[in-house]
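Letter by letter, the chains look like this.
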Amino acid sequence: MTALLELGAGVGWPDAEAAGAARSHAQGQHGRLAYLGEWLAGTQGRFPPRPPRRARCIVLGDLSIELSVRTTELASMLEIGVRGEQVPSSPDDAFALG
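Residues numbered from 1 in each chain as written. Predicted model: local features only at pLDDT ≥ 70, side-chain atom pairs only at ≥ 80, totals over all residues. Heavy atoms only, no water.

## Brief notes about the overall build of the protein chain
Here's step 1: Each helix and strand in the protein chain was counted, giving five helices and two strands.
Here's step 2: When the helices and strands of the protein chain are listed from N to C terminus, the series reads α-α-α-β-α-β-α.
Here's step 3: Buried residues in the protein chain amount to 13% of all 98 residues.
Here's step 4: A fraction of 54% describes how many contacts in the protein chain between residues 6 or more apart in sequence connect residues 24 or more apart.
Here's step 5: Just so you have it, the protein chain exposes about 8,600 Å², and 58% of that area is on carbon and sulfur atoms. (Helix = DSSP H or I, 4+ residues; strand = E, 2+ residues; numbered from the N terminus. Buried < 20%, exposed > 50% of the residue type's maximum accessible area, 1.4 Å probe, protein only. Contact = heavy atoms within 4.5 Å. Areas by Shrake-Rupley, 256 points an atom, 1.4 Å probe, with all protein chains shown as cover.)

Rendered as structure tokens:
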């Protein structure tokens, strides 16, 4: 546990003021997209946040072929890199993989 705490010691907290500005701007609209905007503003420490330069998507879990194809097509249209990962059923196995 100590190693994990040491690893995260240099990671700054999200900017609550910027995240709050994004939350106020959304005014309860836009559903989960508003949460993404709030997170992005908080982690960048500014509102409005800058668009991500290298958007990436990691899909975890057992994907059906249909979902995998749709995800890949959408990612290609948005120019987003996609990486699928099978998640081990055991947390210990997942941590062992890194």
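## Comments concerning the packing of helix α2 (residues 16–26) against helix α3 (residues 31–44)
Here's step 1: Here α2 crosses α3 at 155°, and the two axes come no closer than 7 Å. Judged by the angle between their axes, α2 and α3 are roughly antiparallel. Between α2 and α3 lies a crossing of right-handed hand. Counting all contacts with α2, which are made through Ala18, Ala19, Ala22, Arg23 and Ala26, the residues of α3 involved are Ala34, Gly37, Glu38, Ala41 and Gly42.
Here's step 2: For the contact of α2 with α3, the class distribution of residues is six nonpolar, two polar and two charged. (Axes fitted to C-alpha atoms, helices over the stretch in contact; angles between N-to-C directions. Parallel < 35°, antiparallel > 145°, perpendicular 65-115°, else oblique. Left-handed = near helix turned anticlockwise from the far one by under 90°. Nonpolar A, V, L, I, M, F, W, Y, C, P; charged D, E, K, R; others polar.)

## A short note on a nonpolar patch on the surface
Here's step 1: Where nonpolar side chains cluster on the molecular surface, the patch consists of Leu33, Leu36 and Trp39 and spans about 360 Å² of accessible area.
Here's step 2: Topologically, Leu33 is positioned in helix α3. (Patch = residues over 30% accessible without salt bridge, like charges linked within 9 Å, V, L, I, M, F, W, Y side chains within 5 Å. Salt bridge = Lys/Arg side-chain N within 4 Å of Asp/Glu carboxyl O.)

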